[in-house]
Each structure stands twice: as C-alpha cells, then as structure tokens.
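The primary structure of each chain is shown beneath.
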Amino acid sequence: MNTNTSSRPRVALFEPRIPQNTGTIGRSCLAFNMSLDIIKPTGFSFEDKYLKRAGLDYWRHVDVHLYESFDEYKNSFKKSRIIALTKKSNNLISNIIYKDTDILLFGREDTGLPDNIMDKCEIVAGIPMPGGENQLKTGGVRSLNLSVASGIVCYSACLQLNLLSKTSSNSLFLIYSR
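Residues numbered from 1 in each chain as written. Predicted model: local features only at pLDDT ≥ 70, side-chain atom pairs only at ≥ 80, totals over all residues. Heavy atoms only, no water.

### Thoughts on the pattern of salt bridges
Opposite charge on two side chains permits them to pair, given that their charged atoms come into close proximity.
At step 1: The final tally for this structure, using the stated rule, is eight salt bridges.
At step 2: Among the ionic pairs, Arg10 bridges to Asp37, the shortest N-O distance being 2.7 Å. Pair noted here: Arg10 is in strand β1 (residues 10-14) and Asp37 is in strand β2 (residues 36-39), with a separation of 27 residues, a long-range link.
At step 3: For Arg10, a relative accessible area of 16% gives the class buried.
At step 4: For Asp110, the salt bridge is made with Arg108, and the minimal N-O distance between the two is 2.7 Å.
At step 5: One salt-bridge network, in which partners are shared between bridges, spans Glu15, Arg17, Arg108 and Asp110. (Salt bridge = Lys/Arg side-chain N within 4 Å of Asp/Glu carboxyl O. Helix = DSSP H or I, 4+ residues; strand = E, 2+ residues; numbered from the N terminus. Buried < 20%, exposed > 50% of the residue type's maximum accessible area, 1.4 Å probe, protein only.)

### Digging into the confidence of the model for the chain
At step 1: Here the chain shows a mean pLDDT of 87. Residues at 70 or above account for 83%.
At step 2: Under a pLDDT of 50 for its full length, residues 1-5 has, in the predicted model, 14 contacts with residues more than four places off or in other chains. (pLDDT = per-residue confidence, 0-100. Contact = heavy atoms within 4.5 Å.)

### Points about the environment of Arg108
At step 1: Looking at the secondary structure, you find Arg108 in the loop between β5 (103-106) and α4 (115-118).
At step 2: The spatial distance from the C-alpha of Arg108 to the C-alpha of Pro16 is 5.0 Å, given a sequence separation of 92 residues.
At step 3: In contact with Arg108, not counting residues within four places along its chain, are Phe14, Glu15 and Arg17.

### Considering helix α1 (residues 19-31)
At step 1: The end-to-end C-alpha distance of α1 is 18 Å, a good match for the 18 Å that 13 residues give at a rise of 1.5 Å each.
At step 2: If you check which residues of α1 are buried, you get Pro19, Asn21, Thr22, Gly23, Ile25, Gly26 and Cys29.
At step 3: Two residues or fewer past α1, Asn33 is found with a positive phi of approximately 55°. (Expected span 1.5 Å × (residues − 1).)

### Considering the layout of surface pockets
At step 1: A volume near 800 Å³ is recorded for the largest pocket.
At step 2: Around the largest pocket, the lining comprises 32 residues; the ones closest to its centre are Thr86, Lys87, Lys88, Arg142 and Ser143.
At step 3: For the lining of the largest pocket, a count of residues per class yields 12 nonpolar, 13 polar and seven charged. (1 Å grid on protein atoms, 1.4 Å probe; cavity = no way out; pocket = protein on both sides within 12 Å on 5 of 7 lines; lining within 4 Å. Points joined across faces, edges and corners; volume = space filled by probe spheres on them. Nonpolar A, V, L, I, M, F, W, Y, C, P; charged D, E, K, R; others polar.)

### Looking at the sheet that holds strand β4 (residues 82-85)
At step 1: On the basis of which strands lie adjacent, the open sheet formed by six strands has the order β3-β2-β1-β5-β4-β6 and parallel pairing. Lying at the two open borders of the sheet, with one neighbouring strand each, are β3 (64-67) and β6 (123-125). Each neighbouring strand pair of the sheet contributes to a mean axis angle of 25°, computed without reference to strand direction.
At step 2: Pairing geometry for β1 and β2, over four bridges, is parallel. By the bridge assignment, Ala12 is partnered in β2 with Asp37.
At step 3: Its contacts with the sheet place α1 against β1 and β2, and it is angled at close to 150° to β2. (Pairing = 2+ DSSP bridges. Axes fitted to C-alpha atoms, helices over the stretch in contact; angles between N-to-C directions.)

And the structure:
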C-alpha cells in the first residue's frame, strides 16, 4: 500500500455498493496520492474480481483504510473537516476553500448520503451540472457516476491546493486525439 508522507485531502466512501466504482476511485486516489477510507458495510467483498479489475494492478498500492461505522470514522479525524458531497446541495464545490486535511465524503451509489450523516459534516456541497435534471426543461442527468464525481472533486481540491504542480513531468496524464 502507498503511504502518504505529506498532508493531503482524503477520500471517504460511505457504504459503497458497487465494486467497480470503488476500484476506479482507488485508482484515482493513487493517481492523486490520496488515501481511500471505506466506511462499512460495503455491498461487496474485497476479494471481488470486479473491484480488482477496476483497480487494475494498482489496487495493492492504494492506501486503503476500513472503518466499521461513520462515528468511528469521524472520531478518527477530529482535526479534519468532513465535506459531504451530494446532488442535494446548492452549495457548489467551487465555493469551498479546501484545506489539505479535508475529507471528501461520498455516499452510496443507490441512496447517496443519509441526512443524519450530512448533518455531522462541516460542509455539504455538490458538483454543478448545467445539464442536470433541474436545469433542462426536457429533463437531464439525475446524477453523476460515483467514480466520475469523485474524480472531479479530487481534481478540484488538488488543483486549488496546488498539489498537481508537485508532480514530475513523467507522471502527467496526456490525452491524445486522432
């Protein structure tokens, strides 16, 4: 497992249900050098082939931590702000002034974060979606895939905290077009 040596935001998944999402999020956490915290129960086993397939051969390097409950988790990070990410919030992620000790908390794929969990978080925010269901007269996207949402928020936090410029040129991801 990767061990972070500097203070960086963390990603926390509350009761994730889909192993492919968790594997993909783990791979993104590794790319951004962030820890991945998983709050049980999950909807899968950590031996699940889909988790490992989505995480590819990177999964063994992801800095993963498991917690039995949200209360246990919150008590483990008393000096950190927990930022609840939800489609239910009108507060946009672009309004947040991130700290390197922040925790980016994402909910279950099927139900999101329960109100009683969001009530225990210091900040509640969402990703703006110009093509969201409340924005288009013809209807729109209800929500983003959990791994996509996590990638957007992780990138936003790392960009604002100037954590992306601390990478070597060899580790930059390039997109090629044909």
